[in-house]
Each structure stands twice: as C-alpha cells, then as structure tokens.
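Take a look at the letters that make up each chain.
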Amino acid sequence: MKNKLSFPLMLLVALTAFSACSPKQQKTANKETRPNIIYIMSDDHTTQAITAYDSIYGKYFSTPNIDRIAKEGIRFDNVYCANAICGPSRAIITSGKYSHKNGYYKNESGGHFNPDQWTFPEELHKNGYTTAMVGKWHLGSAPRGFDFYMYHNNPGQQGYYWNPVYDYNGKQVQVQGYATNITADTAIAWIDRVKDSGKPFALLLHFKAPHRNWFPDKKYENMYPDTDMPYPKTFNDDYKTREKTAGDTWMTMDYLNHKDMKMKPPKGLKGKELQEWNNYGNKKGEAWMPPGCKTVEEARKWKYQRFIKDYLACVRSVDDKVGQLLDYLDNNGLTENTIVVYTADQGFYLGDHGFFDKRFIYEPSFRMPFLMRYPAKLKPGQTDNHLISNVDFAPTFLDFAGLKAPAEVQGHSFKDVIEGNKDAKWQDKVYFHYYEYPFWHHVQPHYGMRTRRYKIAHFYYNIDVWELYDMVKDPDELHNVIDDPAYADVAKKMKSELKQLMKDVGDTASLAEFREITDKDFGNINY
Ligand code: SGN
Ligand code: CA
C-alpha cells in the first residue's frame, strides 16, 4: 500500500480518554442556536437486531444505548432505502437524489461517486457548520465538504475489523485495534476539539460493523456459548410463488463461507490458496458441511447460529460506543441542542427467508432502522409511521439547520410532519431500484414501490417477473399475489401508479438501458 504512515494514535487516544471520562457539567460556550447534527450510520445493522424495534433476540441480547435514542426521541417505523446496497444507499443519502440521478448505481464495478455534485454535508459546511466524516465512506472519490475525515481505505473500502487502514485527511494510516472503537473514539475526540468553536458541528459517524465477515471484539467473541438463538419465522421459506427471484439467490445459509464461519484453515496455506479456502462457500456448488453436521438441514442451522452470534456480538460493540457518545454529550452540555440520528445503510436478513445479505425490496433489507433525538425540539417517546425514503434525509437535516435544499434534490424534508404540523402534506409511496447482478449473491435487478397497503416489484434482468404483496394480510411477503384474480384490480392500479412514480422521479429509461447499467463496468474502488 502506498504512503503507509504511522498514526499519531497515542495522542488521539489520550485526547479521547480525557474528554470522554471527564464529567464536565458546564454548558458549552457555543451560543449558536442551530442544532449540532450527529448522523450515526452502521453498516448492515437491521431493525431485527435493535431492541427498540421488535427483536426475537430480546431474551439474550439488547441495544440499550441505541434504544435510548428512541426512548428520548422518535422511533421511525417506515423508513426505506431507495437502493438496498451500501455505496448506492450512501450516495442517495448524501446527495438527496436517486441512483439514476446521482449516477452511483452499484457497489461492484460502480466506479466513483462524482464529488462535484451537491451533497448535504458540503451545504452545511458552506453555511457555517464545522463538519467531519469518520468510518465507512465506500464511495471511491474522496469526501468533500469536511473539515476532517478519516475513512476506511483498504481496497474496496469495506474496512477491516482489526487494524483498519484509513485515509486520515489525505494520508494513508493503519491503526492497531478494533475498528468500531477506533472510529468512535476518533469521532468523540473530534467533537471535543470543535465543540467550543462557536459554530455548530455536523458529524457523520459511520461504523463498519456489523458488516460481513462479522468479527467481534475479543471481549465479545464468545458471548453465547450455550445458547441456541431463535430462528426467524421465515427461516424455512420455500420460495413458492417467488421461485425465480427469492428462490434463485446465493445468499441462503448454504453460501456462508469458511471465513464467515471462522473455520481454521489447513496449516501451511498462504496467499491465493488461503484466500480461496477462506472464500469457499461463496459460489454455487460449494456448499460445505460444518463439523458434526450430517444433513443439509443441520448445516443450515449450524451456520445460522454461528453467523447470528457473531453478528449480534459486533452490534454489542457499536451499542457500547453509541452509549459512550451519548454520555459524552450529557457530560458536556451538548445533549439538548444536538440532533442524534441512528440508522444503517440498509436493512439485512438475519436468517429471514433463509438469507443473509440485503439487496431485495423485501422488508428486512428495504426497511432501515431510523431513530432520532433532538431534545430541544422533539418530544421524547414518539413513534412515527410516515413512509419516508433515504432520499429524504438530506433535505430534512438542512431544514433543521434552517437551510433549503436546491431544486435538484429529489427528497423532501419531513421536519414539519414530525414536529406535528397537521397541515403538512406527505407522500404515500416510496420508490426503489436495485441494479447489481450477478455479483454478489445473484439477486435480479428490480424496481418497485411500496404504499402503506401494497408492494409491487418488477424483476427484469434476464427474467420478466412481477411481484405483488398485500402488506397487511401478508407482512412476511410469502405470497406473491400478482396472478391471483382477487388482486387483479390492485395489480393494475399498482402498475399504473408505479409507472407514474417513475415518471415523477425521472427513472424513465428502457429496460434495455437499465440492463446496460447492470452490465456496465464503471470502474472499481481499488487502490
Ligand atoms: C462484500 C461481501 C458481500 C456483500 C458486499 C456488499 N462479501 O463484497 O457479502 O454483499 O460486500 O456489502 S465479503 O466476503 O467480502 O464480506 S455492502 O454493505 O458494501 O453493500
Ligand atoms: Ca451495507
């Protein structure tokens, strides 16, 4: 790796330790009335693993600190991503525009996010906010509009759990330790440096956890030695009525690889051979039997147990760090005037439909956790069920800062509706379009729409399949009713509303052009 420098970690840690532990009860010198904004986004952290939402793991696991944001603020129950994959979701969030307008469609061969376009952090920066971005960025191009940044910059920019490589304001550095802790400590140290500057601050704190391959911190490695975690109720989905879509992926338990399962490689394997051994399981035909398993059924369960325990253990560290951050705000008089948001770049399957990973318009990956606390303006203990898209985040943050988004921004601010303005109008549908295929996980490109009652999707790459779900009668989306005569009128109406929505958001290219986007190599994030 180029320009690998040593990192002034001792200084950083010392600064953090001091600031995080000293219980200064004084008010900040900051006279500014605009709120500070702390936007926390984890990678692949889904609502099923947050106890403020319904979680089947509640008997064994909790997220008390993340839950605190909900308790002291608002839990949003209907927030959806417009593209259920990392880089593209991040691009939508920062630009306030859908993939077809911001140009960043895919992770794999997705190129670099065009940094010349408008983004909300840059707008805040231009308008007097001190800004920082710490953690996973995953957009290829260097972040713009930040006074400080430190982002995971190993090849692919996914980030490493242990001894991560960051781009620290333009310099490559490798830091010893566990990513969740380093990222959060750096963020808290930064707040400590800027909090008394007289200017409001905006911090994007993006955890790499709990992304695959789910490596917990040492202290949480074996949190559940004797527990069998419960299974989601759709774990044994047979994909009836969805054979060519949900039923034709490489993201079932069978595709968890040796490395995911922390299997010990045979002695002496090195380099490419070792990599291949670690990745074994990723591809069709590579299903392998864990020790002691005799049937495919046993293997699926064994793999699920290993996966879910590691996933939850990774979340545990994130929750600890969120707690430390909230305590820091309390101890420094910053709680009242700081908006704290907790979310993730998309949802994730925790064995739901027999899957891990994301990508589909189905609820577990389409739906995002979203919690928001702002004691100065928002009543505590609320739940909100407006249909919100991640394209709406940018204009909302600006609105709270007293700023207007430019016309090119496609999302809408939901500030008025959550502040209880009864006259505020709000959308009754959200849009979705996913493009990446076949890597990773073999999920057909599809576009679709969710209303309160129904969801419709068209899977179009090398199949032509429509799906329709009645979200009230079938919230688990097990019955595709597109061909059910009882839903013929609904199907017709939903198709025509979707067509109109696509016009409204400007996603009007032909199917052939959509397929070209899937096939096009926009370049890779590789350094
Ligand atoms: C990696 C993972 C995939 C995952 C993508 C996208 N494989 O390639 O399982 O779907 O990231 O994730 S891994 O073995 O390298 O972990 S995303 O969060 O960036 O969208
Ligand atoms: Ca992700």
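## Describing the pairing of strand E5 (residues 148-152)
Of all the five residues making up E5, five are buried; the element is thus mostly covered by neighbouring parts of the structure. Pairing analysis gives four bridges linking strand E4 (residues 130-135) to E5, with the strands arranged parallel. If you follow Met133 over to E5, its bridge partner there is Tyr149. Taken together, the three bridges between E5 and strand E6 (residues 165-168) define a ladder with antiparallel strand orientation. Along E6, the bridge assignment pairs Met150 with Tyr168.

## Thoughts on the site of ligand 1
The full set close to ligand 1 counts 17 residues, and Cys86, Gln158, Asp357, Arg359 and His441 are the nearest of them. Here Asp44 contributes a side-chain N or O atom positioned 3.4 Å from an oxygen atom of ligand 1. Contact distances for ligand 1 include 3.2 Å between an oxygen atom and a side-chain N or O atom of Trp440. Bound to the protein, ligand 1 loses 90% of the 460 Å² it would expose on its own.

## Quick notes on the nonpolar core
Ranked by internal contacts, the top residues of the largest apolar core, which has 67 residues, are Phe76, Phe120, Leu124, Met372, Phe393, Phe414 and Ile418. The biggest single contributor to this core is helix H10 (residues 393-400), with five residues. When we break this core down by domain, the ones giving at least three residues each are domain 1 (3-19 + 31-217 + 313-428) and domain 2 (431-519). Among residues more than four places away in sequence, those in contact with Phe120 are Ile93, Thr94, Leu204, Ala394, Phe397 and Leu398. Core analysis: the next-biggest nonpolar cluster, separate from the first, contains 63 residues, Tyr178, Ile182, Trp214 and Tyr328 among them.

## A word on the domain arrangement of the chain
Taken as a whole, the chain is organised into domain 1 (3-19 + 31-217 + 313-428) and domain 2 (431-519). For domain 1 and domain 2, the distance between their C-alpha centres works out to 28 Å. At the junction of the two partners, domain 1 supplies 31 residues and domain 2 supplies 33 residues. Taking both sides of the interface into account, the surface hidden between domain 1 and domain 2 amounts to around 2600 Å²; carbon and sulfur atoms contribute 58%. Remark: the boundary between domain 1 and domain 2 carries three salt bridges.

## Overview of the side chain of His433
In this fold, His433 is placed in strand E13 (residues 429-434). Side chain to side chain, His433 and Tyr460 meet in a polar contact 2.9 Å long. Filtering out sequence-adjacent residues up to four positions away, His433 remains in contact with Ala82, Asn83, His446, Tyr447, Tyr460, Asp507 and Phe514.

## Concerning empty space enclosed by the protein
Per the stated rule, a full pass over the model turns up two cavities of 30 Å³ or more. The volume enclosed by the largest cavity comes to roughly 70 Å³. Thr94, Phe113, Pro115, Thr119, Pro121, Glu122, Trp137, Ser141, Ala142, Pro143, Arg144 and Phe146 together form the lining of the largest cavity. A per-class count over the lining of the largest cavity returns seven nonpolar, three polar and two charged. Approximately 30 Å³ is the volume attributed to the second largest cavity. Ala82, Ile92, Tyr98, Ser99, His100, Tyr431, Phe432 and His433 are the residues that line the second largest cavity. Elements that contribute at least two residues to the lining of the second largest cavity include exactly helix H4 (99-102) and E13. Per-element tally for the lining of the second largest cavity: the top contributor is E13, with three residues. Considering only residue class, the lining of the second largest cavity consists of five nonpolar, three polar and no charged.

## Examining the layout of surface pockets
Roughly 1500 Å³ of volume is contained in the largest pocket. Taken together, 45 residues line the largest pocket, and the ones lying closest to its centre are Gln158, Asn213, Asn279, Asn282 and Trp440. Per element, the largest residue contribution to the lining of the largest pocket is five residues, and it comes from helix H7 (residues 271-279). Here the lining of the largest pocket is composed, by residue class, of 16 nonpolar, 16 polar and 13 charged. Looking at which domains feed residues into the lining of the largest pocket, each of domain 1 (3-19 + 31-217 + 313-428) and domain 2 (431-519) supplies at least three. The space that makes up the second largest pocket amounts to roughly 670 Å³. If you trace the second largest pocket, you find 23 residues lining it, with Gln48, Lys233, Asp352, Arg367 and Asp476 closest to the centre. If you list the elements that add at least two residues to the lining of the second largest pocket, you get strand E3 (74-80) and helix H9 (363-366). In terms of residue class, the lining of the second largest pocket is built from eight nonpolar, five polar and 10 charged.

## With respect to the pattern of salt bridges
Opposite charge on two side chains lets them pair, provided their charged atoms get close. Counted according to the given criterion, the structure contains 35 salt bridges. Glu497 is the partner of Lys493 in a salt bridge, and the nearest nitrogen-oxygen pair spans 3.0 Å. Highlighted residues: Lys493 and Glu497, both in helix H12 (residues 488-505), separated by four residues, approximately one helical turn. According to the relative accessible area criterion, Lys493 is exposed, its value standing at 54%. Look at the salt bridges and you will find they share partners, linking Asp44, Asp357, Lys358, Arg359 and Glu436 into a network.

## Here's the deal with helix H6 (residues 179-194)
In a regular helix each residue adds 1.5 Å, so 16 residues correspond to 22 Å; H6 covers 23 Å between its end C-alpha atoms and thus fits that length. For H6, the tally of buried residues reaches 14 of 16 residues, placing the bulk of the element in the interior.

What counts, and at which threshold
All chains use their own residue numbering, which begins from 1 and follows the written sequence. Ligands are numbered from 1 and chains lettered from A, in the order in which they are written. Two thresholds apply to this predicted model, a pLDDT of at least 70 for residue-level local features and 80 or more for giving and counting side-chain atom pairs, whereas whole-chain, interface and lining totals are computed over all residues. Hydrogens are left out, water is left out, and the side-chain values use all remaining heavy atoms of the structure. Throughout, exposure labels follow a simple rule: accessible area from a 1.4 Å probe, protein chains only, divided by the maximum for the residue type, with under 20% read as buried, over 50% as exposed, and the rest as partly exposed. Secondary structure counts use DSSP, requiring at least four H or I residues in a row for a helix and at least two E residues in a row for a strand, with both numbered from the N terminus. Any two strands with at least two DSSP-identified bridges between them are counted as paired. When at least one non-hydrogen atom of a residue lies within 4 Å of a molecule or strand, that residue is treated as near it. Each polar contact in these results corresponds to two N or O atoms within 3.5 Å; when the atoms are within protein, one needs to be able to donate a hydrogen and the other to accept it, and residues that are neighboring in sequence are counted only if both atoms are side-chain atoms. We get accessible surface area from the Shrake-Rupley algorithm with a probe of 1.4 Å; when it comes to residues, only the shown protein chains can shield them. Residue types Ala, Val, Leu, Ile, Met, Phe, Trp, Tyr and Cys, when buried and joined through side-chain atoms within 4.5 Å, form a set referred to as a nonpolar core. Note that domain bounds follow an automatic or database assignment of domains. Residue contacts are defined here by distance: any two heavy atoms, one from each residue, within 4.5 Å place the two residues in contact. Accessible area that two parts lose when put together, with a 1.4 Å probe and added across both, is what the buried area reports. Salt bridge, as applied in this entry: a Lys or Arg side-chain nitrogen positioned within 4 Å of an Asp or Glu carboxyl oxygen. Site definitions follow a grid-based scheme: protein atoms alone, a 1 Å grid, a 1.4 Å probe that fits but cannot get out for cavities, and for pockets an open set with protein on both sides within 12 Å along at least five of seven lines, plus lining residues having an atom within 4 Å of a point. Grid points are joined across faces, edges and corners, and a volume is the space filled by probe spheres set on the points. Basically, the charged four are Asp, Glu, Lys and Arg, the nonpolar ten are Ala, Val, Leu, Ile, Met, Phe, Trp, Tyr, Cys and Pro, and anything else, Gly included, counts as polar. To estimate the expected span of a helix, count its residues, drop one, and scale the result by 1.5 Å.

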